[in-house]
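For reference, the chains in residue letters:
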Amino acid sequence: MASTSAEIIAFLLTISGWVLVSSTLPTDYWKVSTIDGTVITTATFWANLWKTCVTDSTGVSNCKDFPSMLALDGYIQACRGLMISAVCLGFFGAIFGLVGMKCTKVGGSDQTKAKIACLAGLIFILSGLCSMTSCSLYANRITSEFFDPSFVAQKYELGAALFIGWAGASLCIIGGSIFCFSIAENSNSPRRGYAYNGAASVMSSRPKIHNSVPDKTPPKHFDKNAYV
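The shown structure was predicted, so the numbers you read here are calculated from the model rather than taken from an experiment. (Residues numbered from 1 in each chain as written. Predicted model: local features only at pLDDT ≥ 70, side-chain atom pairs only at ≥ 80, totals over all residues. Heavy atoms only, no water.)

1. Description of the sheet that holds strand β2 (residues 43-47)
Thought 1: The strand order across the open sheet formed by five strands is β4-β3-β2-β1-β5, and the pairing between neighbours is antiparallel. Each edge of the open sheet carries a strand with a single partner, namely β4 (61-65) and β5 (156-158). If you compare each strand with its neighbour and ignore which way they point, the axes differ by 25 degrees on average.
Thought 2: Sheet strands in contact with helix α3 (residues 110-146) are β1 (31-33), β2 and β5, and its direction is about 140 degrees off that of β5. (Pairing = 2+ DSSP bridges. Helix = DSSP H or I, 4+ residues; strand = E, 2+ residues; numbered from the N terminus. Axes fitted to C-alpha atoms, helices over the stretch in contact; angles between N-to-C directions. Contact = heavy atoms within 4.5 Å.)

This is the structure:
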């Protein structure tokens, strides 16, 4: 019962993390222009993995998609690949998680379902690591440019999408770890052995009465005339 509850909690954590990671991919604010050292702010620049935009003081936004994938910076291409991989891995992890949970009717025996649940946990952990790596790589580029005194172009700060991605990756890793422990709990649980006792015969079930005192009655002798 405790193992089933742990698997349900793990599944809810991983699905929540996967949803957060999936919502991070199209989110606009991966990085936002900083207002540090600026007296008057007339426009706000922000960007994500697919486009860069500027919003003026009236609230009107003008966006421009990245014209070429091959002309992009290497870190943006890496972040795209890692985030797409995280979403795809989370999808397959959710399928394996449903099959491997003990509360479902598919998947075979308990040992087989425990192995499938462990596989789902490993997939979710890998998905969380991909998302964590992508967000950390993007954030590292932002912070390195921000603290570089020789960088004279527009500086940015961390956007909300990065924090959502980190939160989703953490949930996937935590839930995947709980899934992996399910196979250990299944192997440590004692197996119940049932001994078959054959049906006892009626004669063997009856108590046997033994005469402890020998019969001392003298034998009877018959004459030959008794048989005539």
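That shown, we press on.
2. Section: the pairing of β4
Thought 1: Examined bridge by bridge, strand β3 (residues 51-56) and β4 share five bridges and lie antiparallel to one another. Residue pairing for β4: Val-54 is matched across the bridge by Asn-62.
Thought 2: Taking the residues that link successive antiparallel strands as the turn, the β3-β4 hairpin has four residues, and the phi of Gly-59 there is positive, at about 95 degrees.

3. Details of the side chain of Lys-31
Thought 1: One can find Lys-31 in strand β1.
Thought 2: Buried and unpaired, Lys-31 has Glu-145 as its nearest opposite-charge partner, separated by 5.2 Å. (Buried < 20%, exposed > 50% of the residue type's maximum accessible area, 1.4 Å probe, protein only. Lys, Arg positive; Asp, Glu negative; His and termini not counted. Salt bridge = Lys/Arg side-chain N within 4 Å of Asp/Glu carboxyl O.)

4. Considerations on the nonpolar core
Thought 1: In terms of nonpolar packing, the biggest core is built from 19 residues, with Trp-30, Leu-49, Met-83, Tyr-138 and Leu-162 touching the most fellow members.
Thought 2: When contributions to this core are tallied by element, the ones reaching two or more residues are α2 (74-100), α3 and α4 (160-188).
Thought 3: When residues in this core are grouped by element, the largest group, six residues, is from α2.
Thought 4: Non-local contacts of Tyr-138, meaning those with residues more than four positions away in its chain, are made with Trp-30, Lys-31, Ala-47, Asn-48, Leu-49, Tyr-75, Cys-79 and Leu-162.
Thought 5: Judged by nonpolar contacts, the second largest core, of five residues, contains Ala-10, Met-101, Ala-117 and Phe-179. (Core = buried A, V, L, I, M, F, W, Y, C linked by side-chain atoms within 4.5 Å.)

5. Considering the pattern of salt bridges
Thought 1: Tallying each qualifying case throughout the model produces two salt bridges.
Thought 2: Its salt-bridge partner being Asp-28, residue Lys-51 comes within 3.9 Å of it at the nearest N-O pair. With Lys-51 in strand β3 and Asp-28 in the loop between α1 (2-24) and β1, this pair connects stretches of sequence that are 23 residues apart.

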